[in-house]
Amino acid sequence: MKIFLTGPKGVGKTTIVLKVMLSFDKVAGFFTKKLKSGVLFIPIGGREKFLIGIMTKNGMVPCAKGFEKAVEFLENLRLDGETLLVIDELGFLERKIKPFLENVERIVSKAKKVLGVVREDSLNFFPFLKDGSLTVIEVNHENRGQLPEKVSKMLRGSV
């Protein structure tokens, strides 16, 4: 099962991912975190965090060196059938870097269990999300409380 969450900023998508992760023994993947100065790429279980975006006077721009490290991380990611692949989140920066996108698409296609987050305004920029084997769930204030349990069950095949 492969699930991507989308919805408005601040609705609780990452909170859902964190709650679902707690119910899995094996988790791999990454988080991104927006800062005032840029965007951090945070590998799960890794010690190194690095900038993939830098804030300039003209807005956020991709950081080539950071994306090189992110691509290297994805290329070296090893998954088995029990590992939950977490991708939080895909947004406007990530959609601009072709090698990064290719590697995300590759690991999503290989993984058996995926839980990701994609920015609402970026959904159409990731063609692999339209694959019939993926489920995209819109998170809102009404359903967010029930989603951690529901998503966990879906990923385990018990729904």
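Look above for the structure.
First, a word on scope: everything that follows refers to the structure included in this document. (Residues numbered from 1 in each chain as written. Predicted model: local features only at pLDDT ≥ 70, side-chain atom pairs only at ≥ 80, totals over all residues. Heavy atoms only, no water.)

The next point concerns the pattern of salt bridges. Scanning the entire structure with this criterion turns up six salt bridges. The partner of E48 in a salt bridge is K69, with the nearest N and O atoms 3.0 Å apart. Highlighted residues: E48 in the loop between strand 3 (38–43) and strand 4 (50–56) and K69 in helix 2 (residues 64–76), separated in sequence by 21 residues. Among the residues examined, K69 registers a relative accessible area of 33% and is labelled partly exposed. (Salt bridge = Lys/Arg side-chain N within 4 Å of Asp/Glu carboxyl O. Helix = DSSP H or I, 4+ residues; strand = E, 2+ residues; numbered from the N terminus. Buried < 20%, exposed > 50% of the residue type's maximum accessible area, 1.4 Å probe, protein only.)

A few words on a nonpolar patch on the surface. A cluster of nonpolar side chains, namely L35, L51, I54 and V61, defines an oily patch on the protein surface of about 250 Å² accessible area. With respect to the helices and strands, L51 occurs in strand 4. (Patch = residues over 30% accessible without salt bridge, like charges linked within 9 Å, V, L, I, M, F, W, Y side chains within 5 Å. Areas by Shrake-Rupley, 256 points an atom, 1.4 Å probe, with all protein chains shown as cover.)

Okay, the sheet that holds strand 4 next. Working definition: the strands of a sheet are paired by backbone hydrogen bonds and lie parallel or antiparallel to each other. Here we have eight strands laid out as an open sheet, ordered 5-4-3-2-6-7-1-8, and mixed in their pairing. The sheet is open, and its two edges are formed by strand 5 (59–62) and strand 8 (134–138), each paired on a single side. Within the sheet, the average angular offset between the axes of one strand and its neighbour, ignoring direction, is 20 degrees. As paired strands, strand 6 (residues 84–90) and strand 7 (residues 113–118) are joined by six bridges and run parallel to one another. In the strand pairing of strand 7, V86 is matched with L115. Its contacts with the sheet put helix 3 (residues 98–110) on strand 1 (2–6), strand 2 (27–34), strand 3, strand 6, strand 7 and strand 8, and the angle it makes with strand 6 is roughly 150 degrees. (Pairing = 2+ DSSP bridges. Axes fitted to C-alpha atoms, helices over the stretch in contact; angles between N-to-C directions. Contact = heavy atoms within 4.5 Å.)

A separate point is helix 4 (residues 147–156). Where helix 4 is concerned, the buried positions are L147, P148, V151, S152, M154 and L155. All buried residues of helix 4 fall inside an arc of 160 degrees around its axis, so they share one side. The inward-facing, buried residues of helix 4 abut strand 1, helix 1 (13–21), strand 6, strand 7 and strand 8. Once helix 4 ends, the next one or two residues include G157, with phi positive near 75 degrees. (Arc of directions from axis to C-beta.)

This paragraph deals with the nonpolar core. Counting 31 residues, the largest nonpolar core has F4, I87, L90, F100, V108 and F128 as the members making the most contacts within it. Listing elements by their share of this core, those giving two or more residues are strand 2, strand 3, strand 4, helix 2, strand 6, helix 3 and strand 7. In this view, I87 contacts F4, F30, V104, I107, V108, L115, G116 and V117; residues no more than four positions away in its chain are not counted. By size, the runner-up hydrophobic cluster in this structure holds 21 residues, among which are V20, L115, I137 and M154. (Core = buried A, V, L, I, M, F, W, Y, C linked by side-chain atoms within 4.5 Å.)

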